[in-house]
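Below are the chains, spelled out letter by letter.
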Amino acid sequence: MNENARRPTSSRVQTEAPAHRRDGAIEYVGFRVDGQAVVLNLSEHQRLTPDQSLELVNHSPTGFEWGYAGSGPAQLACGLLLDYYNDAQVAREHYIAFRNRVISQLECDGPAACWHLTGEQIDAAMATITDDVVALPDGGKPSPTLPENWRTVTRPDRRVFQRADRDHYIVLGEGTDGWLAVLCSQGDRAYPAPLASRTVSDDADVERAIRALVDESNDLIEPPEGEC
């Protein structure tokens, strides 16, 4: 793995996958033991755990999953990209698209009841992935008006605020009677589930509505000790 791997200059992977250093073919395999998901890096004879990827995004601290678009597959997508490319920015920016394109399609089939994913397949998927228009974490930037565990996420068509330590985010868009701010959570669902919302008239304080939803999220799940 190359610690100086080239990083994309935008949120889209265009014609090449991120650079990496591998001396030979890389292959991952996933299967179940007593119903629990197990993922191995066969080439390095190591079991892949969520621990390192949880330092970037916290979707599923209980473990990996695959075969659908949810929190367990999101954690696996982040973990695989982080392990393969050894680049936190690449993993953080593209794991949702990688989950939707690759991880959600994995199945344990065949005589061995397992799935296989090679480095070549990962590179090929990353070379064609475009950033899905979903309101989920891509790193983001701190906001001076929000607590430290929230980030402002760049999206071309809407304003999004992502909770860095939990699977909560706020989407601000145009509603029928003004602005609509929605607090959502992806969880294990194929589509985000709304937890709360605020409708704000065009002449009202939108930032106040966003802060109210942020407070509601933090009240539902307290941020880690030491964070505001």
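See the structure printed just above.
Residues numbered from 1 in each chain as written. Predicted model: local features only at pLDDT ≥ 70, side-chain atom pairs only at ≥ 80, totals over all residues. Heavy atoms only, no water.

## Here we look at the side chain of arginine 99
Next, step 1: Counting through the fold element by element, arginine 99 comes out in helix 3 (residues 88–101).
Next, step 2: A relative accessible area of 3% means that arginine 99 is categorised as buried.
Next, step 3: Of the polar contacts made by the side chain of arginine 99, one reaches the side chain of asparagine 100; its length is 3.0 Å. (Helix = DSSP H or I, 4+ residues; strand = E, 2+ residues; numbered from the N terminus. Buried < 20%, exposed > 50% of the residue type's maximum accessible area, 1.4 Å probe, protein only. Polar contact = N/O pair within 3.5 Å; in protein donor to acceptor, adjacent residues only side chain to side chain.)

## What about helix 2 (residues 71–85)?
Next, step 1: Between its first and last C-alpha, helix 2 extends 21 Å over 15 residues, near the 21 Å set by a 1.5 Å rise per residue.
Next, step 2: Burial analysis of helix 2 places 15 of its 15 residues in the buried class, the great majority of the element.
Next, step 3: Asparagine 86 sits one or two positions beyond helix 2 and adopts a positive phi of about 55°. (Expected span 1.5 Å × (residues − 1).)

## Quick notes on helix 5 (residues 206–220)
Count 3.6 residues to each turn of an α-helix, and residues three or four apart come out pointing the same way.
Next, step 1: Counted at 1.5 Å a residue, the expected span for helix 5 with its 15 residues is 21 Å, and the 21 Å between its end C-alpha atoms agrees.
Next, step 2: Those residues of helix 5 that sit buried are Val206, Ala209, Ile210, Leu213, Val214, Ser217 and Asn218.
Next, step 3: Put simply, aspartate 205 is the residue that caps the front of helix 5, since its side-chain oxygen is 3.1 Å from the backbone nitrogen of glutamate 207.

## Focus: the sheet that holds strand 2 (residues 36–41)
Next, step 1: Pairing is antiparallel in the open sheet, where 4 strands are placed in the order 3-2-1-4. Two strands lie at the open edges of the sheet, namely strand 3 (46–47) and strand 4 (115–118), each paired on one side alone.
Next, step 2: Looking at chain direction, strand 2 and strand 3 are connected through 2 bridges and run antiparallel. Paired with leucine 40 across the two strands is arginine 47, which belongs to strand 3.
Next, step 3: Lying on the sheet, helix 4 (residues 119–128) is in contact with strand 1 (27–33) and strand 4; it crosses strand 4 at an angle near 70°. (Pairing = 2+ DSSP bridges. Contact = heavy atoms within 4.5 Å. Axes fitted to C-alpha atoms, helices over the stretch in contact; angles between N-to-C directions.)

## Let's talk about unusual backbone geometry
Next, step 1: Its identity is not glycine, yet histidine 45 carries a phi of approximately 55°, on the positive side.
Next, step 2: Although it is not a glycine, asparagine 86 adopts a positive phi angle of roughly 55°.
Next, step 3: Checked against the element boundaries, asparagine 86 lands in the loop between helix 2 and helix 3.

## A closer look at the pattern of salt bridges
Next, step 1: Summed over the entire model, instances satisfying the criterion amount to 2 salt bridges.
Next, step 2: For arginine 32, the salt bridge is made with glutamate 65, and the minimal N-O distance between the two is 2.8 Å. Of this pair, arginine 32 sits in strand 1 while glutamate 65 sits in the loop between helix 1 (51–54) and helix 2, and the two are 33 residues apart along the sequence.
Next, step 3: Note that glutamate 216 is salt-bridged to arginine 198, the shortest N-O span being 3.2 Å. (Salt bridge = Lys/Arg side-chain N within 4 Å of Asp/Glu carboxyl O.)

## Thoughts on the packing of aromatic side chains
Next, step 1: Taken as a whole, this structure holds 2 aromatic pairs when the rule is applied.
Next, step 2: With 5.5 Å between their ring centres and 80° between their planes, tryptophan 66 and tryptophan 115 make a pair best called edge-to-face. Pair noted here: tryptophan 66 is in the loop between helix 1 and helix 2 and tryptophan 115 is in strand 4, with a separation of 49 residues, a long-range link. With respect to burial, tryptophan 66 and tryptophan 115 carry one shared label: buried.
Next, step 3: Note on tyrosine 84 and tyrosine 85: the rings are 4.8 Å apart at their centroids and 70° apart in plane angle, and the pair reads as edge-to-face. (Phe/Tyr/Trp six-rings, centres within 6.5 Å; stacked < 30°, edge-to-face > 60°.)

Structural measurements only, silent on function.
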